[in-house]
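These are the residues of each chain, in order.
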Amino acid sequence: MRRTATAELGRYLLQGRLSTRGCLKISQRAVCRQSSLRTSLAGASRSLQTASTSQPAGPPIVPLRKQWRDEAKQAKKHGKGKAKKDSQTVDGWELTVGIEVHAQLNTSKKLFSPAVTSFNDDPNSHVALFDVAMPGSQPLFQNEVLIPALRAALALNCDIQKTSRFDRKHYFWWDQPSGYQITQYYESFAKNGQITLLARDGIAPQDGDSVTIGIQKVQLEQDTAKTLAQSDDTQLLDFNRVGVPLIEIITEPQMHYPRTAAVLVRKIQMLLNTVDACVSGMETGGLRADVNVSVRRQGDPNTPLGTRTEIKNLSTIKAVEDAIIAERDRQIRELEAGGTIAGETRGWAVGSTETRRLRGKEGEVDYRYMPDPDLAPVVIGEDLVQHLRQTLAVSPDMELDKLIAEFGLTAKDAVSLLNLDNGARVQYFYRVLNGLETMLQANAGGEEMPVLKSYAGVVGNWTIHELGRLTTSKAGPFSQVELDFTPGGECAQVPDAELSQLLYQLYTKRITGKVAKELLMGLYLGDLDAGILETIESRDLWFQELSTEEYNVQIDTVLEGEERVLHELVKADVFPQRKLMFLIGKMIRSGPTERIDPATAEQLLRTRIAELRAGA
Amino acid sequence: MSTGTTSPAEILAKPTWSVRSLLSSPSNDAAKDDKITPKQLHHLLKLSALPLPKTPEEEYSMIATLQSQLHFVRAVQRVDTRGVKPLHAIRDETDQGTQEETITLDKMKGLLEEEVQVGYYKRPKRVKTKVESEAEDWDALATASRKRGRFFVVQGKKAGEAA
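Each value, and the rule that gives it
Residues numbered from 1 in each chain as written. Chains lettered and ligands numbered in written order. Predicted model: local features only at pLDDT ≥ 70, side-chain atom pairs only at ≥ 80, totals over all residues. Heavy atoms only, no water. Helix = DSSP H or I, 4+ residues; strand = E, 2+ residues; numbered from the N terminus. Buried < 20%, exposed > 50% of the residue type's maximum accessible area, 1.4 Å probe, protein only. Contact = heavy atoms within 4.5 Å. Areas by Shrake-Rupley, 256 points an atom, 1.4 Å probe, with all protein chains shown as cover. Rg over C-alpha atoms; globule rule 2.2 N^0.38 Å. Lys, Arg positive; Asp, Glu negative; His and termini not counted. Charge placed at Lys NZ, Arg CZ, Asp CG, Glu CD. Arc of directions from axis to C-beta. Axes fitted to C-alpha atoms, helices over the stretch in contact; angles between N-to-C directions. Parallel < 35°, antiparallel > 145°, perpendicular 65-115°, else oblique. Left-handed = near helix turned anticlockwise from the far one by under 90°. Buried area = accessible area lost by both parts, 1.4 Å probe. Salt bridge = Lys/Arg side-chain N within 4 Å of Asp/Glu carboxyl O. Polar contact = N/O pair within 3.5 Å; in protein donor to acceptor, adjacent residues only side chain to side chain. Nonpolar A, V, L, I, M, F, W, Y, C, P; charged D, E, K, R; others polar. Pairing = 2+ DSSP bridges. pLDDT = per-residue confidence, 0-100. Domains from an automatic or database assignment. 1 Å grid on protein atoms, 1.4 Å probe; cavity = no way out; pocket = protein on both sides within 12 Å on 5 of 7 lines; lining within 4 Å. Points joined across faces, edges and corners; volume = space filled by probe spheres on them. Core = buried A, V, L, I, M, F, W, Y, C linked by side-chain atoms within 4.5 Å. Phe/Tyr/Trp six-rings, centres within 6.5 Å; stacked < 30°, edge-to-face > 60°. UniProt positions renumbered as here; feature names shortened; annotations may be inferred. Expected span 1.5 Å × (residues − 1).

1. Focus: the overall build of chain B
Step number 1: Secondary structure assignment for chain B yields five helices and four strands.
Step number 2: Counted from the first residue to the last, chain B has its helices and strands arranged as α-α-α-α-α-β-β-β-β.
Step number 3: By residue count, 20% of the 163 residues in chain B fall in the buried class.
Step number 4: A separation of at least 24 residues holds for 32% of the contacts in chain B among residues at least 6 apart in sequence.
Step number 5: In the structure as shown, chain B presents an accessible area of about 13,300 Å², 57% of it carried by carbon and sulfur atoms.

2. Quick word on the overall build of chain A
Step number 1: Each helix and strand in chain A was counted, giving 20 helices and 16 strands.
Step number 2: Here the C-alpha atoms of chain A give a radius of gyration of 33 Å, more than 25% beyond the 25 Å that 2.2 N^0.38 yields for 616 residues.
Step number 3: The principal-axis extent of the C-alpha atoms belonging to chain A is close to 100 × 70 × 50 Å.
Step number 4: When burial is assessed residue by residue, chain A has 44% of its 616 residues classed as buried.
Step number 5: Summarising the internal contacts of chain A: among those between residues at least 6 apart in sequence, 68% fall at separations of at least 24.
Step number 6: For chain A, the exposed surface amounts to about 31,500 Å²; the carbon and sulfur share of it is 52%.
Step number 7: Side-chain charges in chain A split into 73 positive and 79 negative, and the spacing between the mean points of these groups amounts to 10 Å.

3. Some thoughts on helix α10 (residues 396-405) of chain A
Step number 1: Those residues of α10 of chain A that fall on the buried side of the exposure criterion are Pro396, Glu399, Leu400 and Leu403 of chain A. Along the long axis of α10 of chain A, the arc covered by the buried residues comes to 100°, so they all point the same way.
Step number 2: Summarising the contacts, the buried residues of α10 of chain A are in contact with α7 (258-274), α11 (411-419) and α12 (424-444) of chain A together with β2 (123-125) of chain B.

4. Section: the packing of helix α13 (residues 452-472) of chain A against helix α15 (residues 513-525) of chain A
All names here are of chain A.
Step number 1: Contact pair α13 / α15: the axes reach a minimum separation of 11 Å and the direction vectors enclose 60°. Between α13 and α15, the angle falls in the class oblique. Considering the relative orientation of α13 and α15, their crossing is right-handed. Counted together, Trp462, Glu466, Leu467, Arg469, Leu470 and Thr471 of α13 and Ala516, Lys517, Leu520, Met521 and Tyr524 of α15 form the full contact between these two elements.

5. Comments concerning the interface of chain B and chain A
Step number 1: Each side of the interface is counted separately: chain B has 49 residues, and chain A has 71 residues.
Step number 2: Taken together, the two surfaces of chain B and chain A that pack against each other cover about 5,400 Å², and 60% of this comes from carbon and sulfur.
Step number 3: If you look at where chain B meets chain A, you find three salt bridges.
Step number 4: Note that Glu399 of chain A and Arg123 of chain B form a salt bridge whose closest N and O atoms lie 2.7 Å from each other.
Step number 5: Counting across the interface, chain B meets chain A through 21 residue pairs in polar contact (both at pLDDT 80 or more).
Step number 6: Contributions of two or more residues to the side of chain B that touches chain A are made by α2 (38-47), α4 (95-101), α5 (105-113), β2 and β4 (151-155) of chain B.
Step number 7: Split into classes, the residues belonging to the side of chain B that touches chain A amount to 23 nonpolar, 11 polar and 15 charged.
Step number 8: Of the pairings in the sheet, the one linking strand β9 (residues 234-238) of chain A to β4 of chain B comprises four bridges and is antiparallel in character. Among the inter-strand pairings, Thr234 of chain A is bridged to a residue of β4 of chain B, identified as Gln155 of chain B.

6. Some words on the sheet that holds strand β5 (residues 180-183) of chain A
Step number 1: The strand order across the open sheet formed by three strands is β5-β4-β15 (chain A), and the pairing between neighbours is antiparallel. Unpaired on one side and paired on the other, β5 and β15 (370-371) of chain A mark the two borders of the sheet.

7. What to know about the side chain of Glu100 of chain A
All names here are of chain A.
Step number 1: Residue placement: Glu100 occurs in strand β1 (residues 93-104).
Step number 2: Despite its burial, Glu100 pairs with no opposite charge, the nearest such side chain being Arg308 at 5.2 Å.
Step number 3: A distance of 3.3 Å separates polar atoms of two side chains, one belonging to Glu100 and the other to Asn292.
Step number 4: Excluding residues within four positions of it along the chain, Glu100 makes contact with Glu248, Ile249, Ile250, Arg288, Ala289, Asp290, Asn292 and Glu310.

8. Topic: unusual backbone geometry
All names here are of chain A.
Step number 1: Backbone geometry at Asn124 places phi at a positive 55°, although glycine is not the residue there.
Step number 2: Its place among the elements puts Asn124 in the loop between β1 and α6 (146-155).
Step number 3: Among the residues examined, Asn124 registers a relative accessible area of 3% and is labelled buried.
Step number 4: Not every positive phi belongs to a glycine, and Asp233 is a case in point at roughly 65°.
Step number 5: The residue Asp233 is located in the loop between β8 (226-229) and β9 in this model.
Step number 6: Using a relative accessible area of 28% as the deciding quantity, one classes Asp233 as partly exposed.

9. Topic: the confidence of the model for chain B
All names here are of chain B.
Step number 1: Confidence along chain B averages 86 in pLDDT terms, with 89% of residues attaining 70 or more.
Step number 2: In the model of chain B, helix α1 (residues 8-13) stands out as the element of lowest mean pLDDT, 88, in contrast to α5, which has the highest, 94.
Step number 3: Per the prediction output, this complex has pTM 0.78; the corresponding ipTM is 0.81.

10. Some details on the domain arrangement of chain A
Step number 1: Structurally, chain A comprises domain 1 (6-77), domain 2 (93-379), domain 3 (396-538) and domain 4 (548-615).
Step number 2: Placing the centre of domain 2 of chain A and that of domain 4 of chain A at their C-alpha centroids yields a distance of 65 Å.

11. Structural notes on empty space enclosed by the protein
Residues and elements named next belong to chain A.
Step number 1: Tallying each qualifying case throughout the model produces one cavity of 30 Å³ or more.
Step number 2: Its boundaries defined by the atoms lining it, the largest cavity holds a volume of some 70 Å³.
Step number 3: Taken together, Phe130, Asp131, Val132, Ala133, Gln176, Pro177, Ser178, Gln222 and Val242 make up the lining of the largest cavity.
Step number 4: For the lining of the largest cavity, a count of residues per class yields five nonpolar, three polar and one charged.

12. What about the nonpolar core?
Step number 1: Counting residues in hydrophobic clusters, the biggest one holds 75 residues, and the most contacted among them are Phe189, Ile247 and Leu272 of chain A.
Step number 2: Ranked by size, the runner-up nonpolar core spans 43 residues in total, among them Leu440, Trp462, Leu467 and Leu502 of chain A.

13. Comments concerning the packing of aromatic side chains
Residues and elements named next belong to chain A.
Step number 1: Inspection of every chain in the model, using the stated rule, returns 17 aromatic pairs over all chains.
Step number 2: When the ring of Phe112 is compared with that of Phe166, the centres are 5.0 Å apart and the planes differ by 85°; the resulting orientation is edge-to-face. On the criterion of sequence distance, the pair formed by Phe112 in the loop between β1 and α6 and Phe166 in the loop between β3 (163-164) and β4 (167-170) is long-range, its members being 54 residues apart. Taken individually, Phe112 and Phe166 each receive the classification buried, so the pair is uniform in this respect.
Step number 3: Considering the side-chain rings of Tyr455 and Tyr507, the 6.1 Å spacing of their centres and the 75° angle between planes classify their relative orientation as edge-to-face. With Tyr455 in helix α13 and Tyr507 in helix α14 (residues 496-507), this residue pair connects regions lying 52 residues apart in the sequence.
Step number 4: You can call Tyr455 buried: its relative accessible area is 2%.
Step number 5: Ring-pair connections join several aromatic residues into one group, and the members of that group are Tyr171, Tyr185, Tyr186, Tyr367 and Tyr369.

14. Regarding the UniProt feature "domain: Glutamyl-tRNA amidotransferase complex subunit Gta3" (unreviewed entry) in chain B
Step number 1: If you check UniProt for "domain: Glutamyl-tRNA amidotransferase complex subunit Gta3" (unreviewed entry), the listed places come out as residues 34-87 of chain B in our numbering.
Step number 2: Secondary structure over residues 34-87 of chain B splits into 59% helix and 0% strand, and the C-alpha atoms at its two ends are 28 Å apart.

15. Here's the deal with the pattern of salt bridges
All names here are of chain A.
Step number 1: In total, this model carries 33 salt bridges over all chains according to the counting rule given.
Step number 2: A salt bridge links Asp401 to Arg200; the shortest N-O distance between them is 2.9 Å. Separated by 201 residues along the polypeptide, Asp401 in helix α10 and Arg200 in the loop between β6 (190-198) and β7 (210-222) bring together distant segments of the chain.
Step number 3: Connected via shared salt-bridge partners are Arg200, Asp201, Lys267, Asp397 and Asp401.

16. Some details on α13 of chain A
Residue and element names in this part refer to chain A.
Step number 1: Relative to the 30 Å expected for 21 residues at 1.5 Å per residue, α13 spans 30 Å between its end C-alpha atoms, a close match to the ideal helical length.
Step number 2: Of the residues making up α13, those classed as buried are Tyr455, Ala456, Val459, Gly460, Trp462, Thr463, Ile464, Glu466, Leu467 and Leu470.
Step number 3: Contacts made by the buried residues of α13 are with α11, α12, α14 and α15.

17. Concerning the sheet that holds β8 of chain A
As a general point, the strands of a sheet are linked pairwise by backbone hydrogen bonds and lie either parallel or antiparallel.
Step number 1: Spatial strand order, β8(A)-β9(A)-β4(B)-β3(B): four strands in an open sheet with antiparallel pairing. Edge positions in the open sheet fall to β8 of chain A together with β3 (147-148) of chain B, since each of these has one partner strand only.

Have a look at this one:
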């Protein structure tokens, strides 16, 4: 909504005077509105029925609060979408993005030496002779590497090559002791895969429901050392990381929107984590993305792709999107000013607005790729590939589909559930659901069980939202305690068995929602001496619902003073839902609150009104 | 070819090829545009992280040596190798040899059995245990000329670009 000046607002609210500047039919409208406002302010009634009391002759007046609400709705529908859409596309230009992801494989040993992989151990404590290129040392391929590597390639739907070879990529830098990196430039172990991104993953809206990106190849390669820059122009080197196995995943240049590219990186990270191929994420430096960006004018699809620039070593998902947008804008600016794009390597720092040049043209760096003569080709047995393909972990997409279709969660809820606590929260959800199911089965005996979607929905809502509310609630110093989940889904603060019990009581309407939330808070804070069931028993928190006669007594009491509202409910053509809600609210407030179930109350009230309508 | 007219001694008397043809000389020197320029030499030295020549004589002698080496390489390159795959290393590439090298399920069974099944969908996960390795039993810092604590020290460039 447009903001109005404070003086004008004050004049309007306190004195009922509207500025008539710019109005066409000022006189009559202003008078009507002023009078209606005065009566409403004088009455200070909580109901908004100004129009009904002061209805002078003249043009029909829309109650002001309703008008504000409608305007806000309109603004939300039209106004908000614009800002985000603008950053994904630029008129007249087409963006093309290709991504190279480098991810550390989950192994105990390095790629070409039996030294141990580690994270933050003592510097230079896991270094073999070959890792520091001691003259005379030879590489020794560690078979263990193939398990996570093949799983990653299979998760990306690649064709596994029976024979693959290693090549040397030569360049000199202090983090590469041998002067070359061993990689698989010519014959990688996997190629021609694909990954599908869906709308629920958060791709750019311009990409529609889904987009499939091809994976050109997946190759094995070595990692480099860790360097710590010091203030006196020296570097401290830790060679623990040299030789740790990486896979490089190279996609086809088929992405056209920055958001989609960022989502691709996030989805690859999640996929690799699920199949246990790469378990250290971007935050710990276990996964890095290099992005290739080029632009060309829209129109003829046969025009060749523009010169591409490479942005190296992006370390967060947001950085991927921001860097692509900045680089695209820079390239468009250059081309529109009549210049050309040089094929260079650029860098991005978090928080900056433009990429900066790191290195010159591609031709300046000659890697002199050469087959490594010290290493034998890797020959992968077909039986190993088959076994890994059959025992490949259930993909996050399949899990999401099941959560949405079978358990009835919304797409948004299901996605957040999978992402919370690094996959532990969803395991907790399954445990609670299992516990609740067992209790409901025991209760049902031989009869029919309630619908899965109905109670799975309750479990989902409580696991995602109510638990989340615990840690962010304004409970003072107690809200600092985080919820700890084991990878198997056990929680120390809110045991899944207790939550199952709580939800069982809630679902079967033996306790109210309000009581359930308080019990959850108590359980989390450790205030409950015994379990949930014992606490309900000892403090007598059972929901003793009113009987139908008692309800009717309450309805009578409520309807006593509300003749006007009753008149509306009985006479109006379109059933006014808000007035019904008002009555229910009044009933809950005035009567014995903890014994009223709003759903039953609504039902009985509707029946009473139906009777009156039939009678009137 | 008649065996009567020429004797082996006559055939072998005149050499048809001399190893001297593999050495460059003013007579078989490369054409003007094939010569190595100082710029190319400097580029190659930079790629190999070798020091640039200090005097013009040194540069001239480097280029001459490189030129004669290239002459030899070109002679080798003149051999017709159509349809022949480049040799990377001499290994046992017979079927039996390849079979011995193949990484089969049997070889990986031990590692796969050490994994655990986690969660509702029983996804396989590697168990991270403390592993000792003999390959690490040496002092990596013993040969370092400069060190600071447990780190190696490298002098960085003041205003440099990455390689």
